[in-house]
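An overview of the molecular structure
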Amino acid sequence: MTVTDDVVPLEEELPLEKLPLDRWHRARGARMVAFAGYEMPIQYEGIMAEHGWTREHAGLFDVSHMGQLGFSGEGVDAALEAILPSDIRGLKPFRQRYSLLLDEEGGILDDLMVSRPGDGAFDGAAIYMVVNGATKYDDIAWIIEHLPDEVVMNHMADQALLALQGPEAGAALATILPGTADLFFMQCGAFDWQGVPLWISRSGYTGEDGFEISIPGDAAEAFAEALCALPQVKPIGLGARDSLRLEAGLPLYGHDLDPRVGAVAAGLGFAIPKRRREEGGFIGHARVLRELADGAGSRRVGLTIEGRLPAREGAPIYAGDALVGEVTSGGFAPTVGAPIAMGWVSTPHAGVGTPLEIEVRGKRIAAAVAAMPFVPHRYHRQTS
Amino acid sequence: MSRYFTDEHEWIDVAGDIATVGITEYAQEQLGDIVFVELPDEGATFDKGDDAAVVESVKAASDVYAPISGEVVEANGALEDEPALVNSDPEEDGWFFKLRVADTSELEGLMDEAAYKKFVASL
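Just so it is clear, the structure is predicted and the values come from calculations on it, not from any experiment.

**What about the overall build of chain A?**
Of the regular secondary structure elements, chain A holds nine helices and 21 strands. A principal-axis box enclosing the C-alpha atoms of chain A has dimensions of 65 × 50 × 50 Å. When each of the 384 residues of chain A is scored for burial, the buried share is 51%. Across chain A, contacts joining residues at least 24 apart in sequence account for 68% of those joining residues at least 6 apart.

Printed below as a string of structure tokens:
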């Protein structure tokens, strides 16, 4: 029997690094695997149980492998608008946005979160960014290359990043940090926990309400311990993080997104506001305009699958005899109770409800294009 | 009846010329929650080492090899409705398939329970 793990080290020649919470994960019984150059917990008690716990209560995820970047200096907004397709000038203090790094051809180099800590409330940074772990060193090199000398980028390599996600995350965090109850989805702020400075945003990647918490690495263990002492909170591994984000319809960079695909075709046009589409002035603008005007050859779609056999990344998608796409993420969805997938399908076959077939080990299984998310988002929005 | 083990974490019970094959407790722990098992058809014949079944956990698909050569005489239909049996009872009710043994000499190189325990402890 051979286990083909889909979490393989991307930089196999480099020794794996350890996260600040490494010892803590192991003490809690985590199974550690190589991911994005780090040893990371894939699961504690089991992916199904951890997935279910997060959907019903609150799960604590260690995402310290992600890249945390601070930007400051004269003209930082203009400099970042040249790199990102987002509205940075209009980004208010203590607000966060989802954004993308695009290459010269408009291909996606990474997806990321960008926020504006007010009054230098987080390490003096004017802008704070969180990028994917597997791409962070490439991102840093790309950004530095395109940043003017007046703007300074600080890789906050000593900060850990924890995500607390689930319908009880708000109540749980408020018991130790009452002020966090005032945050709504995509808002952020500075907090103090027993003298430790925290930067917290109300966001995440599970589709549930929750928070992402940046904390100095040397204080992360005590804080994780305090959170997991709460009855609502259990530590959750990468395995459930993946099944949760897939059900939430959220793309995973390196799987559902890569430099071959553009923002509009990926269904991420919402990250590019009207002013930026019209004025341009960012790397990759031409492709955004082209995809908006002419459409794209393929689109990122959700797929429901008949039966119990999961279709995984790389499985070809057919409409009759014609090869029309490929699965980019797939697996059993614990909350849905069936296999689901995300993939790229040629535009004529990408409409919701279109019947398709996916080939798994030489067999065709019936699938259909589905609206995403598969499980409704439950963000704590200001309007709700 | 004798029980044999492979270094691919399969167990084989041999009674007469029929061998029942499953995966071990250690294997199911490594795989995690099992959501689907693809079993061979009755009458299929395998050489030792052929892909005989596929077990799908939440995170990955894994091949199960034929630990010895033979013809499939029965597959465990209970796994179609309840793949999690492989997690809850891997070494009894969670068996995969039964083979008519083609060559009993292939059993000679396999481990007994004590040797397998030692092998797992060394991993």
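**Comments concerning the overall build of chain B**
A count of helices and strands for chain B gives four helices and nine strands. Along its sequence from the N terminus, chain B presents helices and strands in the succession β-β-β-α-β-β-β-β-β-α-α-β-α. Taking 14 Å as the expected radius of gyration for a compact globule of 123 residues, we find that chain B reaches 13 Å, a close match to that expectation. Here the contacts in chain B between residues at least 6 apart in sequence split such that 60% fall between residues at least 24 apart.

**Quick notes on the sheet that holds strand E9 (residues 127-131) of chain A**
All names here are of chain A. Taken together, the five strands give an open sheet; going across it, the order is E7-E8-E9-E6-E10, and neighbouring strands pair in antiparallel fashion. Looking at the sheet topology across the chains shown, the edges are occupied by strand E7 (96-102) and strand E10 (151-155). Across the sheet, the axes of successive neighbouring strands diverge by a mean angle of 30°, strand direction being ignored. As judged from the five bridges shared by strand E6 (residues 67-73) and E10, these two strands associate in the antiparallel manner. Considered in E10, the bridge of Phe71 is made with Met153.

**Regarding the interface of chain A and chain B**
Between chain A and chain B, the residue contacts involve 19 residues of the former and 22 residues of the latter. Listed by contribution, the elements that provide at least two residues to the side of chain A that touches chain B are strand E1 (2-3), helix H2 (47-56), helix H7 (238-247) and strand E18 (322-333) of chain A. Considered class by class, the residues forming the side of chain A that touches chain B number seven nonpolar, seven polar and five charged.

**Some points on unusual backbone geometry**
All names here are of chain A. Residue Pro373 follows Met372 across a cis peptide bond; omega there is 0°. Considering the arrangement of structural elements, one finds Pro373 in the segment after strand E21 (363-370). The phi torsion at Phe94 lies on the positive side, around 65°, for a residue other than glycine. Unlike most non-glycine residues, Arg361 shows phi in positive territory, near 50°. Its place among the elements puts Arg361 in the loop between strand E20 (355-360) and E21. For Arg361, a count of 12 C-beta atoms within 10 Å translates into the label exposed.

**Comments concerning the pairing of strand E13 (residues 196-201) of chain A**
Residue and element names in this part refer to chain A. One ladder, built from six bridges, connects strand E12 (residues 188-193) with E13; its direction is antiparallel. Note that in E13 the partner of Phe191 across the bridge is Leu198. The hairpin turn running from E12 into E13, its antiparallel successor, is two residues long, and Gln194 in that turn takes a positive phi close to 50°. Note that E13 and strand E14 (residues 210-216) share three bridges and pair antiparallel. When the bridges of E14 are listed, Ser201 appears paired with Glu212.

**Some thoughts on the packing of H2(A) against H7(A)**
All names here are of chain A. Taken N-terminus to C-terminus, the directions of H2 and H7 make an angle of 55°; their axes are 8 Å apart at the nearest point. The angle between the axes of H2 and H7 places the two elements in the oblique class. Considering only the axes of H2 and H7, their crossing is right-handed. Across from Ile47, Glu50, His51 and Thr54 in H2, the residues of H7 making contact are Gly239, Ala240, Ser243 and Leu244. Across the contact of H2 with H7, the residue classes tally to three nonpolar, four polar and one charged.

**What about the nonpolar core?**
Judged by nonpolar contacts, the single largest core of 141 residues is most densely connected at Met129(A), Leu162(A), Leu164(A) and Ala263(A). Residues in contact with Met129(A), not counting those within four places in the same chain, are Leu69(A), Phe71(A), Leu112(A), Met113(A) and Val114(A).

**Overview of the sheet that holds strand E3 (residues 31-35) of chain A**
Residues and elements named next belong to chain A. Read across the open sheet, the three strands follow the order E2-E4-E3; overall the sheet is mixed. Single-partner strands in this sheet number two, and they are strand E2 (17-18) and E3. Set on the sheet, H7 makes contact with E3 and strand E4 (38-43); between it and E4 the angle comes to about 70°.

**A few points about the pairing of strand E1 (residues 2-5) of chain B**
Residues and elements named next belong to chain B. Pairing analysis gives four bridges linking E1 to strand E2 (residues 10-15), with the strands arranged antiparallel. Considered in E2, the bridge of Ser2 is made with Val14. Between the end of E1 and the start of E2, which pair antiparallel, lie four residues, with His9 showing a positive phi angle near 65°.

**Section: helix H4 (residues 136-145) of chain A**
Residue and element names in this part refer to chain A. Those residues of H4 that fall on the buried side of the exposure criterion are Lys136, Asp139 and Ile143. All buried residues of H4 lie within an arc of 55° about the axis, which places them on one face of the element. Relative to its buried face, H4 has exposed residues pointing more than 90 degrees away, namely Ala141, Ile144 and Glu145.

**Some details on the environment of Gly90(A)**
Structurally, Gly90(A) can be placed in the loop between helix H3 (76-81) and E7. Once the C-alpha coordinates of Gly90(A) and Asp77(A) are considered, the two residues, 13 residues apart in sequence, prove to be 9.3 Å apart.

**Some words on H2(A)**
Of all ten residues in H2(A), seven are buried, a share of seventy percent or more. Those residues of H2(A) not exposed but buried are Ile47(A), Met48(A), Glu50(A), His51(A), Trp53(A), Thr54(A) and Arg55(A).

**Concerning the environment of Asn87(B)**
Residue and element names in this part refer to chain B. For Asn87, the location among the structural elements is in helix H3 (residues 85-88). Along the backbone, Asn87 and Ala66 are 21 residues apart, and their C-alpha atoms lie at a distance of 20 Å. Asn87 has contacts with Gln28, Asp33 and Ile34, leaving out every residue within four places of it along the chain.

Calculation notes
Residues numbered from 1 in each chain as written. Chains lettered and ligands numbered in written order. Predicted model: local features only at pLDDT ≥ 70, side-chain atom pairs only at ≥ 80, totals over all residues. Helix = DSSP H or I, 4+ residues; strand = E, 2+ residues; numbered from the N terminus. Buried ≥ 20, exposed ≤ 12 C-beta atoms within 10 Å, placed from the backbone. Contact = placed C-beta atoms within 7 Å. Rg over C-alpha atoms; globule rule 2.2 N^0.38 Å. Pairing = 2+ DSSP bridges. Axes fitted to C-alpha atoms, helices over the stretch in contact; angles between N-to-C directions. Nonpolar A, V, L, I, M, F, W, Y, C, P; charged D, E, K, R; others polar. Parallel < 35°, antiparallel > 145°, perpendicular 65-115°, else oblique. Left-handed = near helix turned anticlockwise from the far one by under 90°. Core = buried A, V, L, I, M, F, W, Y, C linked by C-beta atoms within 7 Å. Arc of directions from axis to C-beta.

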